[in-house]
Amino acid sequence: MAQVDYQSKCEQLKREVYELQVKLRGMDYLEEDRRTLATQLSTAKKECDDLKAQNSTILAELEPLKKKEQELDQQSVKGYQLQIQAIKAQRLIATSDEEKNKDKSFREKYNLNEGDFMVTYYSCTDKKLLGGYLYLTVESLIFEYTLLGAGNRFTTAIKDIISLNKVKVHKFLPGKGASVLIKLRDGTVHELRCFMQRKETINKIIGQAKILGHHIEILRDGVHDINT
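Residues numbered from 1 in each chain as written. Predicted model: local features only at pLDDT ≥ 70, side-chain atom pairs only at ≥ 80, totals over all residues. Heavy atoms only, no water.

### Observations regarding the overall build of the protein
Logical step 1: Secondary structure assignment for the protein yields 3 helices and 9 strands.
Logical step 2: When the accessible surface of the protein is split by element, carbon and sulfur atoms take 55% of a total near 16,500 Å². (Helix = DSSP H or I, 4+ residues; strand = E, 2+ residues; numbered from the N terminus. Areas by Shrake-Rupley, 256 points an atom, 1.4 Å probe, with all protein chains shown as cover.)

See the structure below:
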């Protein structure tokens, strides 16, 4: 009986030793993993430090370029301002006193900058199909209702327009549609419909924006229109 107990204890001790050996091997693997991870972290930190150093170098190189860009922007702004002044001055020279008075009344009515004047206008409606006119001036875009009290007109600087989105409201009708969504810098969107000359209207606005040194994105149903 004592012999059996002895053998049983030996077997138990062997199992315990084996389990300890397994645990030790597991700890060795963990230690190896820890060392590998530490090496990887050290390498990653070095790479991160190198990237920071490169970034600092790039930023230092960009600084004079930014200053140069600001100088060019200022020169461009001055150039566009001179161009606008020339257009306004030419208008004053070429128009009669009667037309000058009309221009003055137009500016006062819509609170426009001195010397601004109407370039052209187009018939259209708002989204409720209330009729009006879209006036394009040297610096602004204005929608005015035909009927007094039909709604609130809007006036916006051309430089505040970020996109013109050509949309087709009624998909079942033939053609490409006759509506435009005018999106402004502050997120406001004006929807105008029933343009008889939508393409010409958009081209005129884009042309005036270019004179002002301003870019307006042209979209069709929310997607950039490569055909414009």
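### Some thoughts on the packing of aromatic side chains
Logical step 1: Within the structure shown, the criterion is met by 8 aromatic pairs.
Logical step 2: Where F106 meets Y135, the ring centres are 5.5 Å apart and the plane angle is 75°; that geometry is what we call edge-to-face. One end of the pair, F106, is in helix α2 (residues 97-110); the other, Y135, is in strand β2 (residues 131-137), and 29 residues separate them in sequence. The residues F106 and Y135 share a single accessibility class, namely buried. (Phe/Tyr/Trp six-rings, centres within 6.5 Å; stacked < 30°, edge-to-face > 60°. Buried < 20%, exposed > 50% of the residue type's maximum accessible area, 1.4 Å probe, protein only.)

### Some details on empty space enclosed by the protein
One water molecule sets the probe size; rolling that probe over the atoms shows where empty space is left.
Logical step 1: Counting across every chain of the model gives 1 cavity of 30 Å³ or more.
Logical step 2: Approximately 30 Å³ is the volume found for the largest cavity.
Logical step 3: Residue lining of the largest cavity: L134, L164, V180, I182, L192, F195, T201, I202 and I205, and that is the complete set.
Logical step 4: The set of elements that each furnish at least two residues to the lining of the largest cavity consists of β6 (179-184) and α3 (198-211).
Logical step 5: Broken down by element, the lining of the largest cavity gets its largest block of residues, 3 residues, from α3.
Logical step 6: For the lining of the largest cavity, the per-class residue count stands at 8 nonpolar, 1 polar and no charged. (1 Å grid on protein atoms, 1.4 Å probe; cavity = no way out; pocket = protein on both sides within 12 Å on 5 of 7 lines; lining within 4 Å. Points joined across faces, edges and corners; volume = space filled by probe spheres on them. Nonpolar A, V, L, I, M, F, W, Y, C, P; charged D, E, K, R; others polar.)

### A word on the nonpolar core
Logical step 1: One finds L134, L164, I182, L192 and I216 to be the most contacted residues of the largest nonpolar core, which totals 26 residues.
Logical step 2: Of all elements in the fold, only β1 (118-126), β2, β3 (140-145), β5 (161-167), β6 and α3 reach the threshold of two or more residues within this core.
Logical step 3: In terms of residues, this core owes the most to one element, α3, which gives 4 residues.
Logical step 4: Not counting chain neighbours up to four residues away, the residues in contact with L134 comprise T120, Y121, Y122, C124, L141, I142, F143, L192, F195, T201 and I205.
Logical step 5: Counting residues in each nonpolar core, the second largest holds 5 residues, with F106, Y110, L112 and I142 among its members. (Core = buried A, V, L, I, M, F, W, Y, C linked by side-chain atoms within 4.5 Å. Contact = heavy atoms within 4.5 Å.)

### Re the environment of F106
Logical step 1: Among the residues examined, F106 registers a relative accessible area of 14% and is labelled buried.
Logical step 2: Those residues in contact with F106, other than ones at most four positions away along the chain, are L112, M118, Y135, T137 and I142.

### Looking at the sheet that holds strand β9 (residues 223-224)
Logical step 1: Judged by pairing direction, the sheet is mixed, and its 9 strands sit side by side in the order β4-β3-β2-β1-β7-β6-β5-β8-β9 without closing on themselves. Two strands lie at the open edges of the sheet, namely β4 (154-157) and β9, each paired on one side alone.
Logical step 2: When β1 meets strand β7 (residues 189-193), the two strands line up antiparallel, connected through 2 bridges. Across the sheet, the residue bridging to T125 is R193, located in β7.
Logical step 3: Strands β1, β2, β3 and β4 of the sheet are contacted by α2, whose axis makes an angle of about 80° with β3. (Pairing = 2+ DSSP bridges. Axes fitted to C-alpha atoms, helices over the stretch in contact; angles between N-to-C directions.)

### Focus: the pattern of salt bridges
Logical step 1: Counted under the stated rule, the structure contains 9 salt bridges.
Logical step 2: Among the salt bridges present, the one from E98 reaches K102, with a minimum N-O distance of 3.9 Å. Placement of both E98 and K102 in helix α2 is noted, with a separation of 4 residues, approximately one turn of the helix. For the pair E98 and K102, one class covers both residues: exposed.
Logical step 3: A salt bridge links D160 to R185, with the shortest nitrogen-to-oxygen separation between them at 3.6 Å. Placement of the pair is D160 in the loop between β4 and β5 and R185 in the loop between β6 and β7, with a sequence separation of 25 residues.
Logical step 4: One connected set of salt bridges, linked through shared partners, spans K109, E144 and R153. (Salt bridge = Lys/Arg side-chain N within 4 Å of Asp/Glu carboxyl O.)

### As for a nonpolar patch on the surface
Logical step 1: A contiguous nonpolar patch, built from I58, L59, L62 and L65 and spanning about 360 Å² of accessible area, is present on the exposed surface.
Logical step 2: Here L62 falls in the partly exposed class, since its relative accessible area comes to 34%. (Patch = residues over 30% accessible without salt bridge, like charges linked within 9 Å, V, L, I, M, F, W, Y side chains within 5 Å.)

### Here we look at the confidence of the model for the protein
Logical step 1: When pLDDT is averaged along the protein, the result is 84, and 88% of the positions lie at 70 or above.
Logical step 2: At the level of individual helices and strands, the protein shows its lowest average pLDDT in helix α1 (residues 2-94), which scores 75, and its highest in β6, which scores 97. (pLDDT = per-residue confidence, 0-100.)

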